[in-house]
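Residues per chain, in single letters:
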Amino acid sequence: MSAPTHTAPGEADSTVEQTAPKPTTMTAALNQALRDELAADPDVVIFGEDVGPLGGVFRITDRLQAEFGDDRVWDSPLAEAGIIGTAIGMAMYGMRPVVEMQFDAFSFPAFEQIVSHLAKERNRTKGRLSMPIVVRIPCAGGIGGVEHHSDSSEAYWIHTPGLTVVTPSNPADAYSMLREAIRSDDPVIFMEPKSRYWSKDTLSLPVQTAPMTKASVVQEGSDVTLLSYGPTVKTALEAARLGEGEGLSVEVIDLRSLSPFDDETVSASVRKTSRAAVIHEAAQFGGYGAEVAARVTERNFFHLSAPVLRITGFDIPFPSPKLEEFHLPTAERVLAALDTWEWEV
Amino acid sequence: MSVHIERNEAPVLPQATPLTLINDTGHAVAGDGTGGFELPEPEILKSLYRRMVVARRFDTQVTALTRQGRLATYPSALGQEACEIGSVMALRTSDWLFPTYRDTIALLTRGISPADILEAFRGDWHSGYDPKAHRTAPAATPLATQALHAVGLGTAARLKGDNTVALTFLGDGATSEGDAHEAFNFAAVWQAPVIFMVQNNQFAISVPLKKQTHARMLADKAVGYGMPGYRVDGNDAAAVYAVVSAAVERARSGHGPTLIEGLTYRIEAHTNSDDPSRYRSNDDVLAWKARDPIERLEKYLVSQNLLSEDDRSAIAAEAESLAGDIRDAMNAEVEIDPLSLFDHVYAEPRPALLEQRQFLADELSASEDKS
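Residues numbered from 1 in each chain as written. Chains lettered and ligands numbered in written order. Predicted model: local features only at pLDDT ≥ 70, side-chain atom pairs only at ≥ 80, totals over all residues. Heavy atoms only, no water.

Per an unreviewed UniProt entry, chain B is named Pyruvate dehydrogenase (Acetyl-transferring) E1 component subunit alpha, and its organism is Saxibacter everestensis. Per UniProt, chain B has the following entry under Cofactor (unreviewed entry): "thiamine diphosphate". (UniProt positions renumbered as here; feature names shortened; annotations may be inferred.)

Per an unreviewed UniProt entry, chain A goes by 3-methyl-2-oxobutanoate dehydrogenase (2-methylpropanoyl-transferring) and derives from Saxibacter everestensis. Per UniProt, the comment on chain A under Cofactor (unreviewed entry) is "thiamine diphosphate".

In structure tokens:
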């Protein structure tokens, strides 16, 4: 996790009172971030499927409609293109919508609105229109979800110029990055790793971590750099612990921002360790790891002792719940991959 | 204020016979045929006529320049002047318009300069005008996507306590798209102040209406969503203006969306790359030319002594002056800075994009050194 500095984002934050430190889940942190932004800015609105009285299927919007009214938080008809499309019109009129896609694969009906309009309105109008919209997407697997509930869609979004794509891996970042995303004048795809929703940190909110476009070194090491994000940060940390038992010093980076990519932090680490591997749940072919490997290699080729590896899900449709454990990358699989390198220099 | 308003009236069922106020022969329709709509005031009719004449000159001039290679492409709206201008004239300047690529003459009626309208078709930039200054969204190319933006904007205006109305144009083909369905449904559920003006010009590029829908008529689509639907003679500017004005008034006073089907015809090809002789007969084109929206209003105005020879020469002069402006603007060589490629992608400049910008800058200065 990025080091919390215990200050609130922005200066117009007098509405937010510091809480005493307590165990806080990622869902509670996200919920509080939404609450604090609704209070700080009357132009922030939240809508999507089931975000009202139910509080979202993951309870991220719990009680927000009761507290802020159905002009600020409301249930939309069940239609993802409609949710993104109407949010775009609201942004044209000065609002800052935060919308929910409920599950990764449910965002696909909205693909055209996101890539053809949300991402492009600033550019096509020479900067005259801003799209300060946050698209919250509960993402990835590991919770035993049925078909269409566990996909990883990041490669589609990062391939689209105009979008910022970020994903927190812990409650402190979830709070801080979501508030920053809502304040961004660019559209942000905010990917929330479902398998980390119930992870806890002891936190005082509000908390401000590193800027959301920066990667963070979550564990220092000298032999290899593991590049992880969202759900795989936990996997990388487990691999580091296992590796330590084998005498391997592992540096773990949480990328946090998938687009833009923090070349500076990553290259500094890779030049130190001379080896890098990227871990993600999504299929390997044409995936985000391919971009990371190419980018790291292009910038650091003469500092590398071995090719950049990818430890990913298989190139298959996301499997059914009873088989997902065989698909998702594990710490053991990470270490086995590292063993394929020639370690003697 | 709430996005949720209870239904307070039964939807109006559309009539199959299109509403007409001035018929093909230039005569005012009297009696029951007018569906309770009244002929607009003479000043409005004259203004509709003047704007249609000027718009047609715009269209013919731009088509000519496209044939000369001055524009990359141009989707003509010739024949659809009544739908376009009758609709836009019913809006206040504070209302918003959500156009498609074919609605250039609607943009002209919004007061946007020809050079700004044509910037996209010339290939200089994707959208040339300031949407906020003209309360006009960038023209949408994917079909029906902009209808959702109109619903969002209208809803936002209502939540902020403004009585702004949004009007979006759709074609007959666009009604088959999923986004049209979602827009109609969201607008009705949220009772958004939106007018869906469906310009049924009979063809989606080459596909005729009967292969587009099995519905009796496009206006019928309104019923299933719980909003009023109207079918209007889209070549009758007076009727279009009257029906859209009523829908705008309805939306402004908080009674939600309306769907209007304007029956019209695209006289020219889909764009300059299209060959309409492959999919429609010349007889059809001639039949629709006989129902020309400008000629019929002109006949009416002349018959009522509302249009003098002086008026006509003044309008012709205005149209010619506009055509000259268009020629000047399109014939002028505009220098586009290649480095502007990197502008306006993000609010905050990104280091990786700045690197790519520098790469192009170096490449450009190297090629300058060579020449």
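Description of the overall build of chain A
When its secondary structure is counted, chain A shows 12 helices and 14 strands. Relative to the 2.2 N^0.38 estimate, which gives 20 Å for 345 residues, the radius of gyration of chain A is 20 Å and therefore close to what a compact globule would have. Counting over 345 residues, chain A shows a buried share of 62%. Sequence separation of 24 or more characterises 83% of the internal contacts of chain A that already satisfy a separation of 6 or more. Of the roughly 12,800 Å² of accessible surface on chain A, 53% is carried by carbon and sulfur atoms. For chain A, the distance from the average site of its 29 positive side-chain charges to the average site of its 48 negative ones is 3 Å. (Helix = DSSP H or I, 4+ residues; strand = E, 2+ residues; numbered from the N terminus. Rg over C-alpha atoms; globule rule 2.2 N^0.38 Å. Buried < 20%, exposed > 50% of the residue type's maximum accessible area, 1.4 Å probe, protein only. Contact = heavy atoms within 4.5 Å. Areas by Shrake-Rupley, 256 points an atom, 1.4 Å probe, with all protein chains shown as cover. Lys, Arg positive; Asp, Glu negative; His and termini not counted. Charge placed at Lys NZ, Arg CZ, Asp CG, Glu CD.)

A look at the UniProt feature "domain: Dehydrogenase E1 component" (unreviewed entry) in chain B
According to UniProt, the feature "domain: Dehydrogenase E1 component" (unreviewed entry) maps to residues 50-321 of chain B in the numbering used here. Annotated as 47% helix and 11% strand, the span residues 50-321 of chain B places its first and last C-alpha atoms 14 Å apart.

Things to note about the environment of Asn185(B)
Turning to its location among the elements, Asn185(B) is positioned in helix α7 (residues 178-190). By relative accessible area, Asn185(B) is classed as partly exposed at 25%. For the pair Asn185(B) and Tyr225(B), spaced 40 residues apart in the sequence, the C-alpha separation amounts to 5.7 Å. Not counting chain neighbours up to four residues away, the residues in contact with Asn185(B) comprise Pro77(A) and Tyr225(B).

Let's talk about the packing of helix α1 (residues 42-67) of chain B against helix α12 (residues 309-331) of chain B
Residues and elements named next belong to chain B. Packing of α1 against α12 leaves a shortest axis separation of 9 Å and a crossing angle of 35 degrees. Crossing handedness for the pair α1 and α12: right-handed. Facing Lys46, Tyr49, Arg50, Val53, Val54, Arg57, Phe58, Gln61, Val62 and Leu65 of α1, the residues of α12 in contact are Asp311, Arg312, Ile315, Glu318, Ala319, Glu320, Leu322, Ala323, Ile326, Arg327, Met330 and Asn331. Of the residues that constitute the contact of α1 with α12, the class distribution is 12 nonpolar, 2 polar and 8 charged. (Axes fitted to C-alpha atoms, helices over the stretch in contact; angles between N-to-C directions. Left-handed = near helix turned anticlockwise from the far one by under 90°. Nonpolar A, V, L, I, M, F, W, Y, C, P; charged D, E, K, R; others polar.)

Notes on the pattern of salt bridges
Counted under the stated rule, the structure contains 38 salt bridges over all chains. Salt-bridge contacts for Glu67(A) lead to Arg35(A); the nearest nitrogen and oxygen are separated by 2.7 Å. Taken together, the residues span a long stretch of sequence, with Glu67(A) in helix α2 (residues 64-68) and Arg35(A) in helix α1 (residues 26-40) at a distance of 32 residues. You can call Arg35(A) buried: its relative accessible area is 15%. Between Glu298(B) and Arg312(B) there is a salt bridge, with the nearest N and O atoms lying 3.1 Å from each other. (Salt bridge = Lys/Arg side-chain N within 4 Å of Asp/Glu carboxyl O.)

Some remarks on the interface of chain A and chain B
At the junction of the two partners, chain A supplies 46 residues and chain B supplies 48 residues. Viewed at the interface, chain B and chain A are joined by 3 salt bridges. If you list the elements that add at least two residues to the side of chain A that touches chain B, you get β3 (73-75), α3 (80-92), α4 (111-118), α5 (121-124) and α10 (288-300) of chain A. A total of 10 residues in the side of chain A that touches chain B trace back to one element, the largest contributor, which is α3(A).

Concerning the sheet that holds strand β12 (residues 257-259) of chain A
Residue and element names in this part refer to chain A. Spatial strand order, β3-β2-β4-β5-β7-β6-β12: 7 strands in an open sheet with mixed pairing. Taken across any chain shown, the strands that pair with only one partner, and hence form the sheet edges, are β3 and β12. Averaged over all adjacent pairs, the angle separating strand axes in this sheet is 20 degrees, with direction ignored. In terms of strand pairing, strand β4 (residues 96-100) meets strand β5 (residues 134-139) through 3 bridges, oriented parallel. Considered in β5, the bridge of Glu100 is made with Arg136. (Pairing = 2+ DSSP bridges.)

A few points about α7(B)
Residue and element names in this part refer to chain B. The terminal C-alpha atoms of α7 lie 18 Å apart, and with 13 residues this matches the ideal 18 Å at 1.5 Å per residue to within 8%. Listed as buried for α7 are Asp179, Ala180, Glu182, Ala183, Phe184, Phe186, Ala187, Ala188 and Trp190. With its phi angle positive at about 50 degrees, Gln191 sits one or two positions after the end of α7. (Expected span 1.5 Å × (residues − 1).)

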